[in-house]
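# Structural overview
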Amino acid sequence: MLLVLGRRVSLSFVKRVIPQDPVLLSNPILQDFRTIKFRVIHSGTVFASATRQNTDTMPERRPFVRLPTDVYPVNYGLCLKPDLIDFTFEGKLEAIVKVNLATNQIVMNCADIDIITASFVPEGGEEINATGFNYQNEDEKVTLSFPSALQKGSGTLKIDFVGELNDKMKGFYRSKYATPAGEIRYAAVTQFEATDARRAFPCWDEPAIKATFDISLIVPKDRVALSNMNVIDRKPHPEDDSLLEVKFATTPIMSTYLVAFVIGEYDFVEGQSSDGVTVRVYTPTGKAEQGKFALEVAVKTLPFYNDYFNVPYPLPKIDLIAIADFAAGAMENWGLVTYRETALLIDPKNSCSSSRQWVALVVGHELAHQWFGNLVTMEWWTHLWLNEGFASWIEYLCVDHCFPDYDIWTQFVSADYTRALDLDALDNSHPIEVNVGHPSEVDEIFDAISYSKGASVIRMLHNYIGDKDFRKGMHSYLLKFQHKNAATEDLWDCLEQASGKPIALVMSSWTKQMGFPIIVVDQEQQGDDRILKISQKKFCASGPHNGEDCPNWMVPISICTGEDPGCTKLKVLLDSPETTITINNISPDQWVKINPGTVGFYRIQYSSAMLEGLLPGIRDLTLLPVDRLGLQNDLFSLSRAGMISTVEVLKLMEAFVNEPNYTVWSDLSCNLGVLSSLLSHTDFHEEIQEFIRDLFTPIGLKLGWECKQGEGHLDALLRGLVLGKLGKAGHKPTLEEARRRFKDHVEGKQILSADLRSPVYLTVLKHGDSATLDTMLKLHKQADMQEEKNRIERVLGAISAPDLIQKVLTFALSEDVRPQDTVSVIGGVAGSSKHGRKAAWKFVKDNWEELHNRYQGGFLISRLIKVKTSFIKQFFSKALFNCSYSHIFLSSSESTTLCYETRN
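As a convention, each chain's residues are numbered from 1 in the sequence order in which they are written. Per-residue local features of the predicted model are confined to residues with pLDDT of at least 70, and side-chain atom pairs are confined, for both listing and counting, to 80 or more; whole-chain, interface and lining totals are unaffected and use all residues. Note that water and hydrogens are dropped before the side-chain values are worked out from all heavy atoms of the structure.

## Details of helix α20 (residues 802-812)
Structurally, the α-helix is built with 3.6 residues per turn, so residues lying three or four positions apart point the same way. When accessible area is computed with a 1.4 Å probe and restricted to protein chains, residues below 20% of their type maximum are described as buried, those above 50% as exposed, and intermediate ones as partly exposed. Helical segments are the DSSP runs of H or I of at least four residues, strand segments are the runs of E of at least two, and each set is numbered from the N terminus. Taken together, the buried positions of α20 are occupied by L804, I805, V808, L809, F811 and A812. The buried side chains of α20 occupy one side of the element, clustering within an arc of 160° when seen end-on. The directions from the helix axis to the C-beta atoms form the arc being described.

## Digging into the sheet that holds strand β17 (residues 278-284)
A strand pair is defined by DSSP finding two or more bridges across the two strands. The strand order across the open sheet formed by five strands is β16-β17-β18-β20-β19, and the pairing between neighbours is mixed. Both outer strands of the open sheet, β16 (266-272) and β19 (330-331), are each paired with one neighbouring strand and no more. Pairing analysis gives seven bridges linking β16 to β17, with the strands arranged antiparallel. Bridge pairing links F268 to Y282 in β17. Should any heavy atoms of two residues lie within 4.5 Å, those residues are considered in contact. Helix axes are fitted only over the stretch in contact, all axes being lines through C-alpha atoms; the angle between N-to-C directions runs from 0 to 180 degrees. The strands touched by helix α3 (residues 353-369) within the sheet are β18 (317-323), β19 and β20 (336-340), with β20 carrying the most contacts at an inclination of about 150°.

## Looking at the UniProt feature "site: Transition state stabilizer" (unreviewed entry) in the protein chain
UniProt positions are given in the numbering used here, feature names are shortened, and annotations may be inferred rather than shown by experiment. UniProt records the feature "site: Transition state stabilizer" (unreviewed entry) at Y451, using the numbering of this structure. Within the secondary structure, Y451 sits in helix α6 (residues 448-465). Looking at Y451, the relative accessible area reads 0%, which means it is buried.

## Points about the sheet that holds strand β14 (residues 240-248)
Note: strands within a sheet are paired through backbone hydrogen bonds, in either parallel or antiparallel orientation. If you walk across this open sheet you meet the eight strands as β5-β4-β8-β2-β1-β11-β14-β13, and the pairing is mixed. Either end of the sheet is taken by a strand with one partner, and the two such strands are β5 (128-129) and β13 (231-237). The pairing of strand β1 (residues 71-83) with strand β2 (residues 88-99) spans 12 bridges and is antiparallel. Across the sheet, L78 pairs through a bridge with L93, a residue of β2.

## A word on the pattern of salt bridges
When a carboxyl oxygen of Asp or Glu is within 4 Å of a side-chain nitrogen of Lys or Arg, the pair counts as a salt bridge. This model, assessed by the stated rule, comprises 45 salt bridges. Here R603 and D422 are joined by a salt bridge, their closest N and O atoms 3.0 Å apart. Note that R603 is positioned in strand β29 (residues 603-606) and D422 in helix α5 (residues 408-424), a separation of 181 residues in sequence. We classify R603 as buried; its relative accessible area is 1%. For the salt bridge of R741 with E706, the shortest nitrogen-to-oxygen distance reads 2.7 Å. With R741 in helix α16 (residues 732-747) and E706 in the loop between α14 (685-703) and α15 (713-728), the pair connects residues that are 35 residues apart, well separated along the chain. The class of R741 is buried, set by a relative accessible area of 14%. The network of salt bridges with shared partners includes D112, E140, D196, R198, R199 and D205.

Okay, here's the thing in structure tokens:
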């Protein structure tokens, strides 16, 4: 599953939500700021500590016992009949089961389902009716009791049941959509990961309890019915000629969370991969054209993974379908992948470049799961990080294959790698691998540590092993465990055998302890040799680690020199607190850089002399873009942590005067946004805006407003970034031009190109009034494409007036905003200003009952809480919440602390 965690294409013009409050700076530093207008800061640092030690008392973990193994399923025969008017469904389950140990009861998972009848038919024996159903609602289990012991052997468990098509975007639920004529209708769709298959049918809802599935759906004859496998029979229902019974082929052995079915009205486009798999992309009716880009990506992606893993895709078809109401970004159900509309649909005329990139990444992510997650599945949720971290890494490999012009690996460093470093440096981070007990804990680990740090350490591992041995190990792993379950250590074993390197020992230091090291480097020239003194210690956003027991990591260290910046000159494995490395035959004037490619998951602190020596490589662009980005990001983080002076950061920023790369500018923009936020309520707010205008004006003039012949994907992203940044900072020519173009767009004289809409919308709103907001809300109502609606929703929070901010918050809960997008609107307000944060916090408090009922404690509620980290302490305050509210928040504390909504 892919969550909307802020881990993808950066909002190229909207400031990242900052994980700390703006602070008042000491007077001497402020005076220095005024004197030099951001050229240098004479002493100290302007950055606040990014975190404080969490002293809140956390509740004890809920007790949990996994399902007994005395009875387990072999095959589910499942027939469901949804009612799209009354929002209920009827179900019949005939499961072939094996009784391992004689017992008079069967324990299964069951939630929000009423069982009507249940019986057991032993193979060759007589039917035994269940005498009671004992529901354990808190544990989401049911115990079926029988009058006599079920004997060891095979049999069939029969259950008739009913349930509700809920509106919580989990389990078997209803999704509202409008027909081309404007009529409101509902589809019946599923979202089962992590533990919601039990809301659709009684089952053994644990990833290691695999079985095959024979699924039938009874649906209105004018609706499309889809499931994991291809249709093998379609016939009229004998009791109602307005219904069809649709039967699907038997699935491979699989986990319950990967089962899916969809009933609704859809068009589709179809293709076939070079290895013979039928691929369809299902779209809302009348929008089939918007599925063509995703189809193109999917048709290229399947053969790429077939080749990379050297294991064929095992199903005859794969469907990708856009769901109107969908909590996650996408879900990798085997053979039927479900998506938010904005993660799958691309309008050739009205979709921006960042949306195309996003769709390519999400398609790549979910199709990777067809092998890594579906064919081989984690044994328990403890190993979820490997599922998601791997898919979050290999999606970039796939997109780089399909679209080499995207420079996607540089973007990975900005979107995933540095984001993971920022979050994992907090005192309240957690290890990648978290022991999961009760299923209620699963949502807590669907966070950026699982996804972005997981992807980053997999990328580091791939680099450490080498592509050839990595692929060899992956092939061995998939073959050995196909149609089975595996743990993290099983993959390490296969990679260790393929590479001959101590993979388990190295990786356990990265997955089983939280945080990461800072590598401190100094040098000394001795004749023709350079002596590097390298040490490691834990990096903390709150300042230097002063604990007695400082953890150590096994750190793959790579080194390059100015002689050939693109070539690694030396590799070592740092397995001790410090070491000395000698580089032979290097002249005194050559610079040395640690971590070329910014692959190793650590920060670097160079000596002043080494850093000074690297500046020419930034100015003349001999350092690769990814390394230019990594250098400034490291320094900025060190300065925020109070470990170096801000002087060094600003000196480095001045070296980027000739920078042409989109991703480098994007990361600079985010870091300047942090600085701007810190100073936003001081006397120096206008001075930092001036600094931003001065920095971005030359590149803005060079790019202009119009796309030029020969420009590509990255030019479009860079133009949106720069114009948005200038507009938000109050650059008058940009503001005037944005207003002119917005007026022409609204009046229909000259429609804005898709890539210019977000920066223009942001600029006019930031400096707009009530009429501007009303116009924007009118555009939102008129928009036929969800991408355009989301584009507007994400920037509404830029409006400045307090009464208009309140209007935006009220709009967030209106019928005009889809339930999954409410979080984005509130998050946009919370990230816009100090007043916006206070207003958003009050709004969440005042509307808590409605919000909690809407999201039912899932990961969306965690992200809502996390729209601003400064809310957390208030959320836990006993003065604000009674015990029941506190329990809700505390039970989601991990994801609450680390997830926030900043995604494009």
